[in-house]
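# Survey of secondary and tertiary structure
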Amino acid sequence: MIKYYLIPSLFLALSSLVFAQDDSTSITLNQVIIKENRMEIPFSKSSRNINIIHRKALETTPARSLQEILSFTPGVDVRQRGIGGVQADIGIRGGSFEQTLMLVNGIKLSDPQTGHHMVNIPVPLSGIQRVDILKGPASRIYGQNAYAGAINIITELPETFQLQSGLYGGDFGMRGASFQLSLPVGKYRQSLAVSHDASDGHWYNSDYKVSNFFYEGGRSLNQFQEIKTMLAYADRDFGANGFYTSAFPDQWESIQTTLASLSHTFEKGNSYILSRAYWRRNQDEFRLVRNDPAVFQNIHQTDVFALEINARQETGIGTLGMGIEGRKESIDSNNLGLRNRNLMGAFLEHRLEFSEKGDVRAGIYSNYYSEYGWKHFPGAELGYQINSWMRTYANFGVSFRIPTYTDLYYVGPTNIGNDALEPEKARNYEGGVKISKKGFNAELVYFNRHTNNLIEWTRPDEDTAWQPQNFNEVVFQGIEAGFQYQFEGSQHRIRVDEITMSYNYIAADLIEKEGQETQYSLNALKHQLIAGIRAEFRQNIELTAKSRYIERMKLAPYFLLDIRMDVNRLKKVGFFAEISNLSNTDYIEAGTVQMPGRWARGGVNFTLK
């Protein structure tokens, strides 16, 4: 019954503050440009369902990892195994963790071994400027594996000097430190971010250590050209009790992720060209028994080498975007073998505005994989600005995902691969309406994803290993509704800055066959209600509360309430304190990992500009 009491109480109590601000005025959000690899479109003119997490939300949300912050995004299902973002699966609109594409500045982080490594993001939270979440098919924009959506983590090269550092501690022996330095030197801009997080664990064999290093630099060659380099590294070791099976509580895993890139941009007049090369390596050691690797041990190393050239051209009849990419994926594994595969792809799209209020965007991505030949992913978007504050849109797209090496070849005590799997393919439809007026933003969306050859892990009974199979026809559909209201500060000692609320409903027609159990698809979100409020006291104290009601298709529903207080966040010395799961809920998000009850953490931040 706690959810029926806390949510209304929270908003009833704080709504009095909202309506008491009779001398406050609303503000309009700054125009945000959605930067895809070829197109740049103002957020207000986008014909897709997109959520943006700005730097202020990254700093004030009651969370210590990006994975935890993403869990407050409508339509995004974050299923953590433990705390601190040590490992998490992220699904969008009922899609599995394999069907979400993660990117850093447009660079794909997909791993050919398994989607469980997709969120091994080698960027400290302090180094992230913004996160764009694109829901729905993104294969036409980013290529294969952007099946149900894409999440693009955006960093920013600084124009001025800034030094930030922080320390924190909390329950379960949680401790951490971060350091972020922005140091432009003449025409060369650079940024360095480092972080370390550790915990003794919230239950048996759940301790972890996570370290991240991220460096980015850029130099303008002249007024038209710029080169950038990026180097990132993440190292994480953790006890994996309940991560993959409850039969072996002493599981342990160690993962190292390296990312390096070099890019060149040319922009002059109506022309833009981006050339980029990057390399991603992921090293993974898994032990079924932590201190006895001889019982069962997996050692994997994957390498991805890629080259991309993307361009756009403003013409008299709209914007033309085009691009090509080449990609080589390889794995060296004691379980999955020594394998490699090659990818080639080509993008072509065009965006046209008409009748001063409408716009249409259409294109196709054609892909060649060494195992599967050519595949083509068309898509189109149509938008119409009804008036200055209301926009309606519809879009269509085809998405595609190839099986990972784990899907195809894995052999273990509880999971067996299937080398006869076919790629997944889906037709996606979406329609919605957006409202943006005087600080008030709202959106209502309907989506439908018709999947062919859905890859799902199944088993006939608990005594048999899981094995992936293709399901012929599966339909996911649902609605998303949400609003945000932002206030400008008044002279009141206590004032509300922002209130948000969203609701998502997803239905799937996948029906388990008699005597056949599925592992992932029917554990997707069914109902998701998220509410949040941010308030200030005396100009220097910020209070944030976030609540979530989650009901998955085959799991018991649960309610969570998290709160945070920041003091002098923008000053030279600031403090924060937060409590996660204030409602002390007993719940599981993934595997058989029992998530912690009420727990707290706090820290201090230092800023020098």
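Quick caveat, the model's predicted, so the values are computed rather than measured.

Criteria and thresholds
Residues numbered from 1 in each chain as written. Predicted model: local features only at pLDDT ≥ 70, side-chain atom pairs only at ≥ 80, totals over all residues. Heavy atoms only, no water. Helix = DSSP H or I, 4+ residues; strand = E, 2+ residues; numbered from the N terminus. Rg over C-alpha atoms; globule rule 2.2 N^0.38 Å. Buried < 20%, exposed > 50% of the residue type's maximum accessible area, 1.4 Å probe, protein only. Areas by Shrake-Rupley, 256 points an atom, 1.4 Å probe, with all protein chains shown as cover. Lys, Arg positive; Asp, Glu negative; His and termini not counted. Charge placed at Lys NZ, Arg CZ, Asp CG, Glu CD. Pairing = 2+ DSSP bridges. Phe/Tyr/Trp six-rings, centres within 6.5 Å; stacked < 30°, edge-to-face > 60°. Lys NZ or Arg CZ within 6 Å of the ring centre and 35° of its normal. Patch = residues over 30% accessible without salt bridge, like charges linked within 9 Å, V, L, I, M, F, W, Y side chains within 5 Å. Salt bridge = Lys/Arg side-chain N within 4 Å of Asp/Glu carboxyl O. Contact = heavy atoms within 4.5 Å.

### A short note on the overall build of the protein chain
For the protein chain, the helix and strand inventory stands at five helices and 32 strands. Relative to the globule expectation of 25 Å for 609 residues, the C-alpha radius of gyration of the protein chain, 24 Å, shows essentially globular dimensions. Here the protein chain, with 609 residues, has 56% of them falling under the buried criterion. Only carbon and sulfur atoms are counted for the fraction: they give 57% of the accessible area of the protein chain, which is about 24,900 Å². When the 63 basic and 66 acidic side-chain charges of the protein chain are each reduced to a single mean position, those positions are 6 Å apart.

### Some remarks on the pairing of strand 11 (residues 174–182)
Pairing of strand 10 (residues 162–170) with strand 11 involves nine bridges; the strand directions are antiparallel. Following the sheet pairing, Gly-169 is matched in strand 11 by Arg-175. What sits between the antiparallel neighbours strand 10 and strand 11 is a turn of three residues, in which Phe-172 has the positive phi angle 65°.

### A few points about the packing of aromatic side chains
For the structure on display, the rule yields 16 aromatic pairs. An angle of 20° between the planes, with centres 5.7 Å apart, marks the rings of Tyr-365 and Phe-377 as stacked. Here Tyr-365 is found in strand 20 (residues 358–369), whereas its partner Phe-377 is found in strand 21 (residues 373–387), with 12 residues between them in sequence. For Phe-377, a relative accessible area of 0% corresponds to the buried category. A network of ring pairs unites the aromatic residues Phe-238, Phe-243, Tyr-244 and Phe-286 as a single cluster. Geometry around Phe-224 places Lys-268 over its ring, the cationic atom sitting 4.9 Å from the centre. Positioned over the ring face of Tyr-409 is Arg-339, at 3.5 Å from the centre of the ring.

### Comments concerning the sheet that holds strand 7 (residues 107–108)
Strand order in this open sheet of five strands is 3-8-9-6-7, and the pairing throughout is mixed. Whereas interior strands pair on both sides, the edge strands pair on one side only; in this sheet they are strand 3 (49–53) and strand 7. Of the strand pairs in this sheet, strand 8 (residues 130–135) and strand 9 (residues 149–154) are connected by six bridges, and their pairing is antiparallel. From the neighbouring strand, Lys-135 faces strand 9, where its bridge partner is Gly-149.

### A short note on unusual backbone geometry
Working note: non-glycine residues mostly have negative phi, and peptide bonds are mostly trans. Not every positive phi belongs to a glycine, and Gln-539 is a case in point at roughly 70°. On the secondary structure map, Gln-539 appears in the loop between strand 28 (525–537) and strand 29 (541–552). Judged by relative accessible area, which is 55%, Gln-539 ranks as exposed.

### Here we look at a nonpolar patch on the surface
A surface patch of nonpolar side chains, amounting to about 570 Å² of accessible area, comprises Ile-317, Leu-352, Phe-354, Val-360, Leu-382, Tyr-384 and Ile-386. No other element matches strand 21, which puts three residues into the nonpolar patch. Its place among the elements puts Val-360 in strand 20.

### Examining the pairing of strand 20
By the bridge criterion, 12 bridges tie strand 19 (residues 337–354) to strand 20 in an arrangement that is antiparallel. Across the sheet, residue His-350 finds its bridge partner in strand 20, namely Ala-362. With antiparallel pairing between neighbouring strands as the criterion, strand 19 and strand 20 make up a hairpin whose turn holds three residues, including Ser-355 at a positive phi of roughly 50°. Where strand 20 meets strand 21, 12 bridges bridge the pair, whose relative direction is antiparallel. Bridge pairing links Asp-359 to Gly-383 in strand 21. Between strand 20 and strand 21, which pair antiparallel and follow one another directly, the connecting turn spans three residues.

### Some words on the side chain of Asn-241
The residue Asn-241 is located in the loop between strand 14 (225–239) and strand 15 (252–268) in this model. Beyond its immediate sequence surroundings of up to four residues, Asn-241 is in contact with Trp-203, Tyr-204, Asn-205, Pro-249, Gln-251 and Val-593.

### A few points about the environment of Gly-239
Considering the arrangement of structural elements, one finds Gly-239 in strand 14. In this structure, the C-alpha to C-alpha distance between Gly-239 and Pro-249, residues 10 residues apart in sequence, is 8.9 Å. Beyond its immediate stretch of four places on either side in the chain, Gly-239 contacts Asn-205, Ser-206, Asp-207, Gln-251, Trp-252 and Arg-290.

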